[in-house]
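# A look at the structure
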Amino acid sequence: MEPPIVVLPIKIQDEVRNLPESVVSFTKEHQRNFFAHYTGIGDHRPEMIQAVRVDLTRHIVSTLPDLQDEVRYSFDKESGPCKDWTPFPLYMKVLRIVALLSGRVFVGRPLSREEEWMQSTINYTIDCVKARNAVRDYPQWKRPWVTSSLPEIKKLTHHRTRGGEMLAPIMQAQLAKESVKEKLRNEETGDEEGNFIEWLLKYTPEHLRNDPENLALNQMVLSFAAVHTSSMATTHAILDLVTKPEYFKPLRAEIEEIRKTDGEIIDEEGYIRLKKDSINKLRKLDSFMKESQRFNPPIYTSGTRICTADLQLSTGHKLPKGTRICFPSYDVHTNPKTTTYSPEYNPPDYVDPEKFDGMRFYKLRNMPGKEARHQFATAGPESLVFGYGNHTCPGRFFAANEIKIILIELLMNWDIRLKGDIEQKGGPRPPNMEVDLVITPNPMAMVEMKRRRGA
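Residues numbered from 1 in each chain as written. Predicted model: local features only at pLDDT ≥ 70, side-chain atom pairs only at ≥ 80, totals over all residues. Heavy atoms only, no water.

## Re the overall build of the protein chain
This is how the line gets drawn: Here a helix means four or more residues in a row that DSSP labels H or I, a strand means two or more in a row labelled E, and each is numbered from the N terminus. In this description the radius of gyration comes from C-alpha coordinates, and the expected globular size is given by 2.2 Å times residues to the power 0.38. For the exposure calls, accessible area comes from a 1.4 Å probe over protein chains only, and a residue counts as buried if that area is under 20% of its type's maximum, exposed if over 50%, partly exposed in between. When checking whether two residues touch, look at their non-hydrogen atoms; a contact exists if any pair is within 4.5 Å. Under the counting rule used here, the positive set is Lys and Arg, the negative set is Asp and Glu, and His together with the chain ends is not counted. All charge positions are set by atom: Lys at NZ, Arg at CZ, Asp at CG, Glu at CD.
Regarding its fold elements, the protein chain presents 16 helices and 13 strands. Relative to the globule expectation of 23 Å for 455 residues, the C-alpha radius of gyration of the protein chain, 23 Å, shows essentially globular dimensions. Dimensions of the protein chain, computed from C-alpha atoms along their principal axes, come out at roughly 65 × 55 × 50 Å. With 455 residues in all, the protein chain has 51% of them scored as buried. Here the contacts in the protein chain between residues at least 6 apart in sequence split such that 75% fall between residues at least 24 apart. Here the protein chain contributes 64 positive and 62 negative side-chain charges, whose respective centroids are spaced 3 Å apart.

In C-alpha cells, the structure reads:
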C-alpha cells in the first residue's frame, strides 16, 4: 500500500527544499518506490552525480561539436533518404536519436552506436518499471523468497553484467592512461579534459574502480535519468511545433540570423554547424522549448520526498514519519497567483497563462534585469520542472543543449508535419498520456518528414 502523499503549499517551499535527508529524503522515496532492496534501483550513486554536476557541466561547451556531428548521423541513420514525405512514429524515433546523442558523450564511439548498447540504454528504464511492478505484485512477507527468481529482476541483472562486458575494454584503457594524464595536467594547465567515463572513474571509490559492472550500473542509472526524459521533452516540443506551424518561420529565421552574425563551421563532410557560442544565443528556440515544457511537464508535481522523521511545519501542521510530500508545480507554471509566495521573488509575468505562447519567455528575457532568467534550464521557485533545492537536476544544462541541437537539425534540414496534414496547417495535438501524476507524449503520434532542398 502506498503511503499517503501531502501536497504542500508553495509558500513553504523555501522552508522544505534544503532540509537534510535525515528529515525528508528524495533518495529514500526513490528506493521505496522501486523496491531498491530487491531491484538495486535507487541506490545512491555519488560518483555519477558528481561527474554530471561538476565535470559535464564544466565542459558542456566542449560536448557541442560531438553532439552536432552525432545529430546529423542519427537523423541519417534513423530517417534514411526521405526525399519525399515519409511517415514515422515520432516518440520512438526521437528516443533512438536521443540515445545516440547521449551515448556519444557518455561512452563515446564506437560503443555508443552499437545496437545492443543503444537497446540497453533505452530499455533499462522500461525494465526498471517492469521489475518494480513485478515485486509490488507480491505481499511483503513473500518478496524475500521469490524476487531473485523473477524474470524482470534477472533482466536488470543482465543489463548490468552485459553492460560491464561491453564497457570493460574502455574502462581498462582509461585506467591505463591515468598516470600519463596526471603528468600532463601537472605540466600544462591543470585543467582536466576527458570523456565521461574518465570523470566517472575519478569519483568512483578505489575498491570499485576496476569493477566494470559498477561502471555499467552508473551508465544505466544515467540513462534512466536522461534518455527518456529528454526524449519526452523533445517529442512534446516537436508536437507543439507541427500543430502550431506558425512558429517554423520565426525559429528558422533566428537560426539563419545567428549563422550570418556569428559565422558557421563547415566540417570535412561539407555539413554546416553552428559555432559553440551560437547555440545559447537562440533565445526564441529556448523560449519555445520552455513554453512546451510548461504545458507538458514530465509530472504534475515536484519535490517529492518522504519524511524520515516527524516534520513540524510553520503552517502549524505536523506530518508523521513515512508521509510523502510534494509541491503543485503545474499550478505554479499555469497560475500566476500561485507564485506570489515570497516577497523576494517576482512572479512570472504570465499573460493568458492558459494560452500557448512560444515567445512568452523570449519577451520576458527582453525585459531589463531578466536577461538571464526564464531559460529552459532554469531551476528556481517559479520554474520547478528540474526541481528546486538539494536535488535540482544536475544534468539540465546538458539536456537543454541536447534538445536544442536536435531541434536545430530538424528546423534547418527537414520539413515535418503531422501525418495527413498535407497543407501543413497544424491541427489538434495528439493527446498526452497520463498515469497517476505522470505525463508522457502520445507514443502513437505519427509525423511525416522529408529533407529540405540542399540538406
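Structure shown, so let's carry the discussion forward.
## Things to note about the pairing of strand β10 (residues 414-418)
Quick note on the threshold: Should DSSP find at least two bridges between two strands, the strands are taken to pair.
Of all 5 residues making up β10, 5 are buried, and the element is well covered by its neighbours. Looking at chain direction, β10 and strand β13 (residues 446-451) are connected through 5 bridges and run antiparallel. For Arg417, the partnering residue across the bridge sits in β13 and is Glu448.

## Looking at the packing of helix α10 (residues 196-203) against helix α11 (residues 212-243)
Two measures define how a pair of helices packs: the angle their axes make with one another and the distance between the axes. Cut-off, in case you're wondering: Helix axes are fitted only over the stretch in contact, all axes being lines through C-alpha atoms; the angle between N-to-C directions runs from 0 to 180 degrees. With the far helix as reference, a near helix turned anticlockwise by less than a right angle produces a left-handed crossing, and one turned clockwise produces a right-handed crossing. Charged means Asp, Glu, Lys or Arg here, nonpolar means Ala, Val, Leu, Ile, Met, Phe, Trp, Tyr, Cys or Pro, and polar covers whatever is left, Gly included.
Look at α10 against α11: their axes get within 11 Å of each other, and the N-to-C directions meet at 115°. Between α10 and α11 the crossing geometry is right-handed. Where α10 approaches α11, its residues Phe196, Ile197 and Leu200 are matched on the opposing element by Leu215, Asn218, Gln219 and Leu222. When the residues that make up the contact of α10 with α11 are grouped by side-chain class, the tally is 5 nonpolar, 2 polar and no charged.

## Focus: the environment of Tyr124
Structurally, Tyr124 is set in helix α7 (residues 115-136). Tyr124 sits in the buried class, given a relative accessible area of 2%. Separated by 149 residues in the primary sequence, Tyr124 and Arg273 have C-alpha atoms spaced 32 Å apart.

## Describing the pattern of salt bridges
Side-chain pairing between opposite charges can occur once the charged atoms of the two side chains come close. Stated precisely, the cut-off is as follows: Should a side-chain nitrogen of Lys or Arg be within 4 Å of a carboxyl oxygen of Asp or Glu, the pair is scored as a salt bridge.
Applying the stated rule across the entire model yields 36 salt bridges. Between Arg360 and Glu291 there is a salt bridge, with its nearest N and O atoms 3.1 Å apart. Of the two residues, Arg360 sits in helix α15 (residues 360-365) while Glu291 sits in helix α13 (residues 283-295), which places them 69 residues apart along the sequence. Of the two residues, Arg360 and Glu291, both sit in the buried class.

## Notes on α11
Every α-helical turn comprises 3.6 residues, leaving residues that sit three or four positions apart pointing alike. This is how the line gets drawn: Expected helix span is taken as 1.5 Å per residue step, with the number of steps being one fewer than the number of residues. In this scheme, the bend at a residue equals the angle between the axes fitted to the seven residues that finish there and the seven that begin there. Each polar contact in these results corresponds to two N or O atoms within 3.5 Å; when the atoms are within protein, one needs to be able to donate a hydrogen and the other to accept it, and residues that are neighboring in sequence are counted only if both atoms are side-chain atoms.
Here α11 is 32 residues long and its end C-alpha atoms lie 45 Å apart, about the 46 Å a rise of 1.5 Å per residue gives. For α11, the principal kink sits at Ser223 and spans about 35°. The N-cap of α11, judged by a side-chain oxygen 3.0 Å from the amide nitrogen of Glu213 a few residues on, is Asp211.

## Here's the deal with the sheet that holds strand β2 (residues 24-25)
One open sheet accounts for 4 strands, arranged β1-β9-β6-β2; its pairing is mixed. A strand with exactly one partner marks an edge of an open sheet, and here the two such strands are β1 (5-7) and β2. In terms of strand pairing, β1 meets strand β9 (residues 324-327) through 3 bridges, oriented parallel. From the neighbouring strand, Val6 faces β9, where its bridge partner is Ile325. The sheet strands contacting helix α2 (residues 26-33) are β2, β6 (302-307) and β9, and the helix crosses β6 at an angle near 85°.

## Some remarks on the UniProt feature "binding site: heme" (unreviewed entry) in the protein chain
To keep it simple, the criterion reads: UniProt positions are given in the numbering used here, feature names are shortened, and annotations may be inferred rather than shown by experiment.
Here the UniProt-annotated "binding site: heme" (unreviewed entry) positions come out as Cys393. Looking at the element boundaries, Cys393 is found in the loop between α15 and α16 (396-413).

## Details of the sheet that holds strand β3 (residues 86-89)
If you trace the 3 strands from one edge of the open sheet to the other, you get β3-β13-β10, paired in antiparallel fashion. Where the open sheet ends on each side, the last strands, each with one partner, are β3 and β10. Averaged over neighbouring strand pairs, the angle between their axes works out to 35° when direction is ignored. Contacts from α16 reach β10 and β13, with the element oriented near 100° to β10.

## Quick look at the state of the cysteines
Heads up, the condition is: Only a pair of cysteine sulfur atoms within 2.5 Å counts as a disulfide in this structure description.
Scanning all chains against the criterion turns up 0 disulfides. In this structure Cys393 is a free cysteine whose sulfur lies 17 Å from that of Cys128, the closest cysteine sulfur available.

## Side note on the packing of aromatic side chains
The test is simple: Each pair of aromatic rings taken from Phe, Tyr and Trp, with Trp reduced to its six-membered ring, is defined by centres within 6.5 Å and is described as stacked if the planes are under 30 degrees apart, edge-to-face if over 60, and tilted in the remaining cases.
Taken as a whole and judged by the stated rule, the model has 11 aromatic pairs. A centroid spacing of 5.6 Å and a plane angle of 40° characterise the contact between Phe75 and Trp414, whose relative ring orientation is tilted. Here Trp414 lies in strand β10 and Phe75 lies in helix α5 (residues 64-79), a separation of 339 residues in the sequence. Accessibility assignment for this pair places Phe75 and Trp414 in one class, buried. Between Phe106 and Phe196, the ring centres sit 5.3 Å apart and the planes meet at 55°, which makes this aromatic pair tilted.

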